[in-house]
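# Analysis of the macromolecular model
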Amino acid sequence: MDYQELGLGEAASVVTAVTVDTDEQSILLSCLYNPQEAPVPYTLWFRQCENIAWDTFDDVPDLQHLDAELVGLSLRTNGTQKLVVITTDVFELSFCYGSFSLQTPSTSSYSA
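Numbering of residues starts from 1 in every chain and runs along the sequence as written. Given that the model is predicted, a residue must reach a pLDDT of at least 70 before its local features are reported, and side-chain atom pairs must reach 80 or more before they are shown or counted; all residues, however, enter totals for whole chains, interfaces and linings. Excluding hydrogens and water, the side-chain figures rest on all heavy atoms present in the structure.

## Quick word on unusual backbone geometry
Here the phi dihedral of Gln 25 falls at roughly 55°; this positive angle occurs in a residue that is not glycine. Each helix corresponds to a stretch of at least 4 residues labelled H or I by DSSP, and each strand to a stretch of at least 2 residues labelled E; elements are numbered beginning at the N terminus. Within the secondary structure, Gln 25 is located in the loop between strand S1 (13-21) and strand S2 (26-33). Residue classification places Gln 25 among the partly exposed residues on the basis of a relative accessible area of 42%. Its identity is not glycine, yet Asn 34 carries a phi of approximately 55°, on the positive side. Mapping Asn 34 onto the fold places it in the loop between S2 and strand S3 (40-47). Each residue gets one of three labels from its accessible area relative to the maximum for its type: buried under 20%, exposed over 50%, partly exposed in between, using a 1.4 Å probe on protein chains only.

What follows is the structure in structure tokens.
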């Protein structure tokens, strides 16, 4: 599954914040779809996360105040593991997860 399969549309997205909760083993990405013309907020929420790997391309002073263009989103399964790679112009984040959901203002959620 990739970004287009989320059903948001053809426009670009930016990641505005990343929240990692180590106690809950969750990662929440706050995003804006179509930020230049008609911004629509949405969140990608991953649970039961492990084997987290970060690679930053620029200095990231505050994960709660980002403007990182979403370049790629890849969700795939390798045997029993679910893997995600999120690539932006500022960072790349990859990890294994147990479940994920997409939440937008117009839909309650999409889960996988």
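Right, picking up where we left off after that structure.
## Focus on a negative patch on the surface
There is a patch of like negative charges on the surface, built from Asp 58, Asp 59, Asp 67, Glu 69 and Asp 89. Its location among the elements puts Asp 89 in the loop between strand S6 (81-88) and strand S7 (91-97). A patch is a set of surface residues, each over 30% in relative accessible area and not in a salt bridge, joined within 9 Å for like charges and within 5 Å for the nonpolar side chains Val, Leu, Ile, Met, Phe, Trp and Tyr. Values of accessible area rely on a 1.4 Å probe in the Shrake-Rupley scheme; residue burial ignores everything except the protein chains shown. Between Lys or Arg on one side and Asp or Glu on the other, a salt bridge is scored when a side-chain nitrogen of the former is within 4 Å of a carboxyl oxygen of the latter. Residues scored as positive are Lys and Arg, those scored as negative are Asp and Glu, and His as well as the terminal groups of each chain are ignored. A charge is said to be at NZ when it belongs to Lys, at CZ for Arg, at CG for Asp and at CD for Glu.

## Description of the pairing of S6
In regular strands, side chains alternate between the two faces of the sheet. Most of S6 is tucked away: six of the eight residues are buried. The pairing of strand S5 (residues 68-78) with S6 spans eight bridges and is antiparallel. The residue bridging Leu 75 from the neighbouring strand is Val 84, located in S6. Here, a strand pair is defined by DSSP locating no fewer than two bridges between the strands. Connecting the antiparallel pair S5 and S6 is a turn made up of two residues, with Gly 79 showing a positive phi of about 70°. For S6 and S7, the ladder comprises six bridges, and the chain directions are antiparallel. Residue pairing across strands places Thr 87 opposite Glu 92, the latter belonging to S7. Counting the residues that bridge the hairpin from S6 to S7 gives two residues.

## Observations concerning the packing of aromatic side chains
Two numbers describe a pair of aromatic rings. These are the distance of the centres and the angle of the planes. Any two of the Phe, Tyr and Trp rings considered here, Trp counted by its six-membered ring, make a pair once their centres fall within 6.5 Å; the pair's planes then place it as stacked at under 30 degrees, edge-to-face at over 60, or tilted in between. A complete count under the given rule lists five aromatic pairs for this structure. Ring geometry for Phe 46 and Phe 100: centres 5.3 Å apart, planes at 20°, overall stacked. Taken together, the residues span a long stretch of sequence, with Phe 46 in strand S3 and Phe 100 in strand S8 (residues 99-103) at a distance of 54 residues. Comparing Phe 46 with Phe 100 shows no difference in burial state: the two are buried. Ring plane angle 55° and centroid distance 5.3 Å describe the contact between Trp 54 and Phe 91, whose orientation is recorded as tilted. Of this pair, Trp 54 sits in strand S4 (residues 50-56) while Phe 91 sits in strand S7, placing them 37 residues apart in sequence. Phe 91 gets classed as buried once you look at its relative accessible area, which sits at 1%. Through a chain of ring-to-ring contacts, the aromatic side chains of Phe 46, Phe 95, Tyr 97 and Phe 100 assemble into a single cluster. Directly above the aromatic system of Trp 45 lies the positively charged group of Arg 47, at a separation of 3.9 Å from the ring centroid. We call a charge positioned above a ring when the Lys NZ or Arg CZ atom is no farther than 6 Å from the ring centre and deviates by at most 35 degrees from the ring normal.

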